[in-house]
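# Architecture and fold: a report
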Amino acid sequence: MRWLLPALVAAAAASGALLFYLLAQPIYAGLFFASFVAMLVAVFVIDRRGGTPVEMAPIVLPDLQLIGSSLALASDPVALTDPDGSLKSINPAYRTRFGASVTPLEIFAEPGARAAVAELRSTAWRDGEAEAQGLVIDNSPMSIRVERVGAGNDLLLWRLGNADAPDPLLVAAKRIAGATGERFASAGVLAALIDSDGRLLAANKLFADRALAGDHGHDRSPLFTDLVDTTADGHLRLIAEGEGARDLRGVHVPLDAGREDGAGTLLMFDFHEGAGLASSTNVQVLLEMLPIGLALVDRDGRFLTMNKAFHVAGGLGGAEMPAYPGDLVVKEDKGPVADAIRRNARGPSMSGDIPVRLRHQPAEPVALTVAGLRGLGDAAVLLLLKDNSEEAKLKRQVAQATKMQAVGQLAGGVAHDFNNILTAILGHCDLMLMRHTPGDSDYDDIQQVKSNSNRAAGLTRQLLAFSRQQTLRPQLLQLPDVVSEVSHLLKRLLGETVNLSVKHGRDLGAIRADPGQLEQVIVNLAVNARDAMLGNGGGTLTIQTYSIRADQVADLGSDILPVADYTALSIADSGSGIPPSILGKVFEPFFTTKEVGKGTGLGLSTVYGIVKQSGGFIFADSKVGEGTRFTIYLPVHAIEKERAVRRPARAEAESELWGTGTILLVEDEPMVRTVAERALTRHGYHVLTAANGEEALEIVERGDDIALLISDVVMPLMDGPTMVREARKSRPELPILFMSGYAEEQLRKSIDIANVAFLPKPFSVKELAEAVRAALADK
């Protein structure tokens, strides 16, 4: 009993010393080890002096408390577990990152990572320790080290840390000084790693034995020029071998393929006159070890040798090797390849990339690097083949997107300015029609001008929608009416070889959509169908509308389509069809099966976006050789009875468009301002005009009694929204009517002003009078 207390304290001190040693904390490990020695001395003294037994209460060992305090000193997550992975103790870093109840075996959610951790635990329990690198959690790599610890060797200590990306130079140095360097040495190759400053970082044993006289304890980074000398004919010689040094041939393999003068590995071979080094076993072993496609060509442009990676990249099967590099590429690229090889074989040593198209993959160009070689026997040119098809594809997509953005901005600007011109034309037509009656000689001509102006207005709406400067303006529509409006355009687009068949069902419910955008959907699908039928010499395009009741939705077999009443639009062609492998990609942006320059890849993606914005669904069904069918389901819009009752009463009141009061009209376009002023004056209003926001604010500050302020949105010097905010500081209740060629929804989001009305351009005299009356009625 007199030994029990010192022995237990000594055991606890020994455990603390071991634990701190494993955690790389030498100071704390030393303190606990000193305590352990002191207790041993105490036991020895008690035994020598025959001390009196001490009566004491039962003692509870603070092992877990001591371990927890020790683990808390570590900055990285640390856990102590049973052999089966159950937690015994964790430090605050582990608790903060993974939680208090998550074991190391449960950290990773991915099954492969969990299996790797379980294997790590088994290995550590068997061998005493195990380590793993590169396991990813939260998009960051992690290293895990597991050690078997404890007095009875019955616990596992888990240390987790972030695995930083290794330095390429350090990785290369380990390979040259390790197994890779030994493989080079067995092939008679001297390998040395040189940094960008020309200093030796690592070397294999063969280089060290010959260039450093076997002294592996040399300066870690001597200048390479102090070890190797260059002869007049371009050969290399080891300075340490003295006057009898043998000539060596060298090949520099840079770590960064884009920098020839950077850090890299220098491989050197013994040179013997007349030996064909390019076809020797040494060079072939070297080429096969490299993961990039490499080939050697002689001065006549013939292949000497190539590695397996070059076979794969060039589309060659088995041991087949063509006679010339030009045999790998298409006919158009044979001349440039032959010229590049001839220049590099006979001219100064240089390198460069040329884009080529391989015979087995002519659609996607690849980069062929041609570099001149000197001092490697028959080999005069080194070819490096790399596949840059993905890079070229991304470049084309970026160029296409940039082009479409520029075209969209141009179309939006042209359409917005054109709206002002159309507003003036329509306005003057309405003013002239007030002075003419049906039967007059000029009446029909004026009506024709107005009709063509309305058609031009529809074109500008499509341009604005294409440029994404106009959001959808949904209206209550009948789908057959939309198809009828666009049918005359489709007949011209489809041509003589395509027959157009239109079928309409009965009892179709009304839908709520933008008519212009819906017409664009039909046109895009029809044009794609026409292109698909060109290869067959023509065909039939069938457009059909029909109704789908809610109780029929389940029969369609779609898990996406909600149960509701729909009005369906089907567009089917008798073309070549779409293969199943690409049918699921047709709605992706930039995806197209057409030739380069004949398709943007945005047609079907635009169709998909319009349909989804309208609350509908679109499906594609196709069979190769039989044709393709696109089906659009648009939900039926319920019309309120109150609105149906009120419409006739409003129609009767629309004939009374005259009014009284003073209106302030702000418009920077003189032609639009003149038409609007004359139209409002004819309807009984007193009109004050201003060409910009500053003039309008001066009129407001005069104190005139203004019943309504009508303003354009985009104006020079001061735009409409800014002018309105200033005017409402003195007249907060002033009614506002904005005019603009942009959509009302986008306008309201951009200006963020309450209680304003909106009139889209172009507008007629009647539409202007109606908008003014409505704005004054809401006052």
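What comes next is a walk through the structure.

Each value, and the rule that gives it
Residues numbered from 1 in each chain as written. Predicted model: local features only at pLDDT ≥ 70, side-chain atom pairs only at ≥ 80, totals over all residues. Heavy atoms only, no water. Axes fitted to C-alpha atoms, helices over the stretch in contact; angles between N-to-C directions. Helix = DSSP H or I, 4+ residues; strand = E, 2+ residues; numbered from the N terminus. Parallel < 35°, antiparallel > 145°, perpendicular 65-115°, else oblique. Contact = heavy atoms within 4.5 Å. Nonpolar A, V, L, I, M, F, W, Y, C, P; charged D, E, K, R; others polar. Buried < 20%, exposed > 50% of the residue type's maximum accessible area, 1.4 Å probe, protein only. Lys, Arg positive; Asp, Glu negative; His and termini not counted. Salt bridge = Lys/Arg side-chain N within 4 Å of Asp/Glu carboxyl O. Polar contact = N/O pair within 3.5 Å; in protein donor to acceptor, adjacent residues only side chain to side chain. Left-handed = near helix turned anticlockwise from the far one by under 90°. Core = buried A, V, L, I, M, F, W, Y, C linked by side-chain atoms within 4.5 Å. 1 Å grid on protein atoms, 1.4 Å probe; cavity = no way out; pocket = protein on both sides within 12 Å on 5 of 7 lines; lining within 4 Å. Points joined across faces, edges and corners; volume = space filled by probe spheres on them.

## A closer look at the packing of helix α20 (residues 693–701) against helix α21 (residues 720–730)
The interhelical angle for the contact between α20 and α21, taken along N-to-C directions, is 10°, at an axis separation of 10 Å. The orientation of α20 relative to α21 falls into the category roughly parallel. Contacts between α20 and α21 involve Gly693, Ala696, Leu697 and Val700 from the first element and Met723, Glu726, Ala727 and Ser730 from the second. Broken down by class, the residue content of the contact of α20 with α21 amounts to five nonpolar, two polar and one charged.

## Observations regarding the side chain of Asp298
Following the sequence through the fold, Asp298 ends up in the loop between β12 (293–297) and β13 (303–306). One buried charged residue, Asp298, remains without a salt bridge, the closest side chain of opposite sign being Arg302 at 5.4 Å. A distance of 3.0 Å separates a polar side-chain atom of Asp298 from the backbone nitrogen of Asp300. Those residues in contact with Asp298, other than ones at most four positions away along the chain, are Leu304, Asp378 and Ala380.

## Things to note about the packing of helix α19 (residues 670–682) against helix α23 (residues 765–777)
The contact between α19 and α23 brings their axes to 10 Å, and the two run at 65°. Between α19 and α23 lies a crossing of right-handed hand. Where α19 abuts α23, its residues Ala676, Ala679 and Leu680 lie against Val765, Leu768 and Val772. Of the residues assigned to the contact of α19 with α23, the class counts are six nonpolar, no polar and no charged.

## A short note on the nonpolar core
Among the nonpolar cores identified, the biggest contains 34 residues, and Ile522, Leu525, Leu541, Leu569 and Ile632 are the most heavily contacted of them. Of all the elements in the fold, those that place two or more residues in this core are α14 (479–494), β19 (511–513), α15 (515–534), β20 (539–548), β21 (566–573), α16 (580–583), α17 (603–613) and β23 (627–635). The dominant element in this core, judged by the number of residues it contributes, is α15, at eight residues. In this view, Ile632 contacts Val521, Leu525, Thr567, Ala568, Leu569, Val611, Phe617 and Ile618; residues no more than four positions away in its chain are not counted. Ile699, Leu709, Phe738 and Val756 belong to the second-largest nonpolar core, a separate cluster that totals 23 residues.

## With respect to unusual backbone geometry
Here the residue pair Lys761 and Pro762 is connected by a cis peptide bond, since its omega of -5° sits within 30 degrees of zero. Tracing the sequence through the fold places Pro762 in the loop between β28 (756–760) and α23. In this structure, Leu717 takes a positive phi of about 70° despite not being glycine. Take Leu717: it is sitting in the loop between β26 (708–712) and α21.

## Looking at empty space enclosed by the protein
Think of a ball as big as a water molecule: rolled over the atoms, this probe shows where empty space is left. Summed over all chains, the structure comprises one cavity of 30 Å³ or more. Contributing to the lining of the largest cavity are Pro325, Leu328, Val329, Val337, Val356, Leu358, Leu368, Leu383 and Leu385. The set of elements that each furnish at least two residues to the lining of the largest cavity consists of β14 (351–358) and β16 (379–386). When its residues are assigned to classes, the lining of the largest cavity shows nine nonpolar, no polar and no charged.

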